[in-house]
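The residues making up each chain are set out below.
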Amino acid sequence: MLSSKKDIFQTLNYINCLICRSHKKYYFLFITKIALESISTLINIILGRYLILFLTTTNQTSFIQLAWKLVFINLILSVCLNVVTHYLDSINNDLQLYMEETLSQKTLKLKYAVVETSYYRDQLEKAKVGISWYSGGIAALSHNINKLLSHVVMAIGTLGIISQLSHFVLCIILLSSIITVFITALSQKRDAIFRKRLVSVNRKLGYYLNLFKDYRIAKDARVYQALELIETRVNTFLDTEWKLERNRTKFGNKIRVWIDVVNYLNQSILYAYFAWQVIQNQIDVSAFTMYISAGISFYNNIVNITTQYIETDKNISFIACYVNFIKAPEQKTIMQQALLENPYDATMIEFQNVWFKYPQSQHYVLKDISFVIKPSEKIALVGPNGAGKTTIIKLLCKLYTPSSGTILLNGKNIENYSDETYCRLLSSVFQDFKFFPFTIRENLMSEKLSDIWESLRKATLDQRISSLPLNLDTPITKMFDENGVDLSGGELQKLAIARSFCKKTPIVFFDEPTAALDPVAEFDIFRIFTQFVQNQTVIIISHRMAACPLCDRIVVIDNGIISEIGTHQELLSNSHIYKRMWDAQAQYYL
């Protein structure tokens, strides 16, 4: 399938800008390589005739001199070609690494709501394939364009040689070339379709294969005997891939047979025709050798021009997926609002008629949400699973953008702040919080040692960390360093809470902050909650109702709408949903 003109222009323009910005000698080396390859082929065809001429005329001195010149010229050309190729390969590797790094950076700049979709994951997989070994990446594109232009130059050169003969020879070669080109184009088109179909299969297959190596599922996989289920999924995708590959191989074998037949007929006619010319004393043996070499070379070059063009187009179609992904729109800021001079100044948050649905979904998760969070107020969001509580937190973090409606910070739309600027006001503990394979100090994201230890003390984790041999410099995994530590689920949750304290922001979000803690640790966290966040605006989501009486107000979310709102005592007196949830857990708190 041929790439569109837009894809071709956009991809080549992107690569051209990349090359011009970082490797200005690239095109000089590229052209030099084409010249060396073309000259080498043409010299051997032409000088090969004179070697045979001198040999058949018993002019041994001329034969030996020409043979040495030919060897010397080939040696020089070969050395120069190897040097140029080495430099080009080195530059291609640099460009490949840069493109991989750019792809990684791009994934962090896209809207979070987009990143979660299946469509995005497919596009990311296509972008990764576009610069991977599977498609050849920029190195294959450079190689194929180089070969394409080399074959064009050599075809012109060999055409100059065989044009001295009859039109019959040219017609035979051109007819054979056209037939072979048509067959090759058909084969490459089918191959491109196969590769496109394989992208989605490979992404799913790769995911399930990685499960075998993921230590995080090792316990569950063994206890619930899930390995057989995983193997079944892997085998399903392997069977799909095998069927695609088998069909591709069968079709490819048929194509190769037809190409071999055409090539055999072409060479047979050329040999027969030039042999007849020798018998008729129209040409000598040396000319016979040169014309046969030139004829076969011209045929091969015409075929290779088409093959390389199709391969180049295929490379462009793959890299176009990468370029389209890189050029996908990122989250833009309409205008840059100035933040508060003192981050602990009053910060009032207001939801105004906010609706939200996920990309490619018709179902609204939030429906006409409106409420106000006053400066330094403590708010609890409660409600059944799937009611939309975590979505509200993600909207406040600007991970999502409302489908309609507005979220205001001190009367200004939060979309008018850059992500980087706005996030300076926020710290959070998500329900599915993550840590990086770095040290404890690096994960806490603070350069002040006093702030780090103070935050760990607040989270009741200071003694545990100080007992470690490497202290704050202990990696939070043993995956890369045997001196690392694998903290328990409760310890990791405390560390996540410490990280939120360490950032010292006026707005704090807690999404199930005590889900992995025992009752004593939960009591300690809630005690800390009442002591250390007095001057901060806090929004907390928890299915453990013990946190609710500590909050100024409670917002009850049900099926994407605000069902009830009020203080703990007000809702116990007037609420239905909240009172039912509280009564279900009251025995643990009374």
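Refer to the preceding data block for the structure.
Now for a description of the structure that goes with this document. Since the model is a prediction, treat every value here as computed from it, not as a measurement. (Residues numbered from 1 in each chain as written. Predicted model: local features only at pLDDT ≥ 70, side-chain atom pairs only at ≥ 80, totals over all residues. Heavy atoms only, no water.)

Some words on the environment of Ser22
Applicable threshold: Strands here are runs of E lasting at least two residues and helices are runs of H or I lasting at least four, both read from the DSSP assignment and numbered beginning at the N terminus. Residues adjacent in sequence count toward polar contacts only when both atoms are side-chain atoms; beyond that, a polar contact is any pair of N or O atoms within 3.5 Å, and within protein one must be able to donate a hydrogen and the other to accept it.
Inspection of the secondary structure puts Ser22 in helix H1 (residues 5-22). Along the primary structure Ser22 and Leu95 are separated by 73 residues, whereas in three dimensions their C-alpha atoms are 8.6 Å apart. A distance of 2.7 Å separates a polar atom in the side chain of Ser22 from the backbone oxygen of Leu18.

A closer look at the packing of aromatic side chains
Stated precisely, the cut-off is as follows: Pairing of aromatic side chains requires ring centres within 6.5 Å, counting the rings of Phe and Tyr and the six-membered ring of Trp. Pairs whose planes differ by under 30 degrees are stacked, by over 60 edge-to-face, and all others tilted. Throughout, exposure labels follow a simple rule: accessible area from a 1.4 Å probe, protein chains only, divided by the maximum for the residue type, with under 20% read as buried, over 50% as exposed, and the rest as partly exposed. Any Lys NZ or Arg CZ that is within 6 Å of a ring centre and within 35 degrees of that ring's normal is treated as a charge sitting over the ring.
Within the structure shown, the criterion is met by 15 aromatic pairs. Relative to Phe30, the ring of Tyr26 lies with its centre 6.3 Å away and its plane at 20°, an arrangement referred to as stacked. Taken together, the positions of Tyr26 and Phe30, both in helix H2 (residues 26-56) and 4 residues apart, correspond to about one turn of that helix. Looking at Phe30, the relative accessible area reads 10%, which means it is buried. Ring pairing ties together the aromatic residues Tyr26, Tyr27 and Phe30, which thus form one cluster. Cation over ring: Lys458 sits above Phe501, and NZ or CZ is 5.6 Å from the ring centre.

Concerning the side chain of Lys398
In this structure, Lys398 sits in the loop between helix H11 (389-396) and strand S4 (404-409). You can call Lys398 buried: its relative accessible area is 5%. A distance of 2.5 Å separates a polar side-chain atom of Lys398 from the backbone oxygen of Tyr417.

Digging into unusual backbone geometry
The phi angle at Asp368 is positive, at roughly 55°, despite the residue not being glycine. In this fold, Asp368 is placed in strand S2 (residues 364-373). For Lys398, which is not glycine, the phi dihedral falls at a positive 65°.

Description of the packing of helix H6 (residues 137-162) against helix H10 (residues 285-326)
Here is the rule we go by: Axis definition: a line fit to C-alpha positions, over the contact stretch in the case of helices; interaxial angles, taken between N-to-C directions, run 0 to 180 degrees. Roughly parallel means an angle under 35 degrees; roughly antiparallel means over 145; roughly perpendicular covers 65 to 115; every other angle is labelled oblique. Crossings are assigned a handedness: left-handed for a near helix turned anticlockwise from the far helix by less than a right angle, right-handed for a clockwise turn. All residues other than Ala, Val, Leu, Ile, Met, Phe, Trp, Tyr, Cys, Pro, Asp, Glu, Lys and Arg, Gly among them, are scored as polar; the first ten of these are nonpolar and the last four charged.
As a packed pair, H6 and H10 sit with axes 7 Å apart at the nearest point and diverge in direction by 155°. Taken together, the axes of H6 and H10 are roughly antiparallel relative to one another. The two elements H6 and H10 cross, and the hand of that crossing is left-handed. Looking at the contact of H6 with H10 residue by residue, the classes come out as 20 nonpolar, 11 polar and 2 charged.

Re a positive patch on the surface
Put simply, the test is: Like-charged residues are merged into a patch within 9 Å and nonpolar side chains (Val, Leu, Ile, Met, Phe, Trp, Tyr) within 5 Å, provided each residue has over 30% relative accessible area and no salt bridge. Areas reported as accessible are Shrake-Rupley estimates using a 1.4 Å probe. Residue values count occlusion only from the protein chains shown. Any Lys or Arg side-chain nitrogen located within 4 Å of an Asp or Glu carboxyl oxygen qualifies as a salt bridge. Asp and Glu are treated as the negative residues and Lys and Arg as the positive ones, with His and the ends of the chain left uncounted. Note that the charge is assigned to NZ on lysines, CZ on arginines, CG on aspartates and CD on glutamates.
Taken together, Arg190, Arg197, Lys243, Arg246, Lys250 and Lys254 make up a surface patch of like positive charges. Looking at the positive patch, the elements with two or more residues in it are helix H7 (167-211) and helix H9 (227-279). If one sorts the elements of the positive patch by residue count, H9 sits on top with 4 residues.

So, the sheet that holds strand S6 (residues 426-429)
Spelled out, the test is: Any two strands with at least two DSSP bridges between them are considered paired. By the convention used here, residues are in contact when the closest approach between their heavy atoms is within 4.5 Å.
What the 6 strands build is an open sheet, ordered S6-S7-S8-S3-S9-S10; its pairing is mixed. Since the sheet does not close on itself, it has two edges, and those belong to S6 and strand S10 (561-566), each with one partner. Put simply, the sheet's adjacent strands are angled 15° from each other on average, direction ignored. One ladder, built from 4 bridges, connects strand S3 (residues 378-382) with strand S9 (residues 553-558); its direction is parallel. Considered in S9, the bridge of Ala380 is made with Ile554. Here helix H16 (residues 489-503) sits on the sheet in contact with S6 and strand S7 (507-511), set at roughly 175° to S6.

Regarding helix H5 (residues 118-130)
The α-helix advances 3.6 residues per turn, and as a result positions three or four apart in sequence lie on the same side. Inclusion rule: How far a helix is expected to stretch is found by multiplying one less than its residue total by 1.5 Å.
The end-to-end C-alpha separation of H5 is 18 Å, in line with the 18 Å expected for 13 residues at 1.5 Å each. Residues of H5 that are buried: Tyr120, Leu124, Glu125, Ala127, Val129 and Gly130.

Observations concerning the nonpolar core
This is how the line gets drawn: Here, the term nonpolar core denotes a set of buried Ala, Val, Leu, Ile, Met, Phe, Trp, Tyr and Cys residues that are joined through side-chain atoms within 4.5 Å.
Leu456, Leu495 and Tyr578 are the most contacted members of the largest nonpolar core, which has 40 residues in total. Mapped onto this core, the elements with two or more residues apiece are S3, helix H14 (449-458), H16, S7, strand S8 (537-541), S9, helix H18 (568-574) and helix H19 (577-585). Among all residues touching Leu456, those that are not within four sequence positions of it are Leu444, Leu461, Asp462, Ile465, Leu472, Leu495 and Ala498. Residues Leu409, Phe509, Ile539 and Ile557 belong to the second largest nonpolar core, which totals 32 residues.

Quick notes on a nonpolar patch on the surface
A cluster of nonpolar side chains, contributed by Val257, Trp258, Val261, Tyr264 and Leu265, occupies part of the molecular surface with about 560 Å² of accessible area. With respect to the helices and strands, Val261 occurs in helix H9. The class for Val261 is partly exposed, based on a relative accessible area of 37%.

Describing the layout of surface pockets
We count it as follows: Cavity: a set of points on a 1 Å grid over the protein atoms alone where a 1.4 Å probe fits but cannot get out. Pocket: an open set with protein on both sides within 12 Å along at least five of seven lines, its lining residues, like those of a cavity, having an atom within 4 Å of a point. Grid points are joined across faces, edges and corners, and a volume is the space filled by probe spheres set on the points.
In this structure, the largest pocket spans a volume of roughly 1,400 Å³. Surrounding the largest pocket, 29 residues form its lining, Leu399, Cys423, Ser428, Phe430 and Phe436 being those nearest its centre. Put simply, the parts of the chain that give the lining of the largest pocket at least two residues each are helix H3 (60-109), helix H4 (112-115), helix H12 (419-423), S6 and H16. Here the element with the most residues in the lining of the largest pocket is S6; it accounts for 4 residues. Grouping the constituent residues of the lining of the largest pocket by class yields 13 nonpolar, 5 polar and 11 charged.

Brief notes about H10
What counts is decided by this rule: Given a residue, its bend is the angle between the two axes fitted to the seven residues that end at it and to the seven that start from it.
An ideal rise of 1.5 Å per residue puts 62 Å on 42 residues; H10 measures up with 59 Å between its terminal C-alpha atoms. Of all the bends found along H10, the most pronounced is centred on Ile319 and spans about 25°. Most of H10 is tucked away: 33 of the 42 residues are buried.

Observations concerning the sheet that holds S4
Pairing is antiparallel across the open sheet formed by 4 strands, whose spatial order is S2-S1-S4-S5. In the strand order of this sheet, the two ends are held by S2 and strand S5 (412-413), each with one partner. As paired strands, S4 and S5 are joined by 2 bridges and run antiparallel to one another. Counterpart to Leu409 in the pairing with S5 is Lys412. Relative to strand S1 (residues 349-357), H11 is tilted by about 115°, and along the sheet it contacts S1, S2 and S4.

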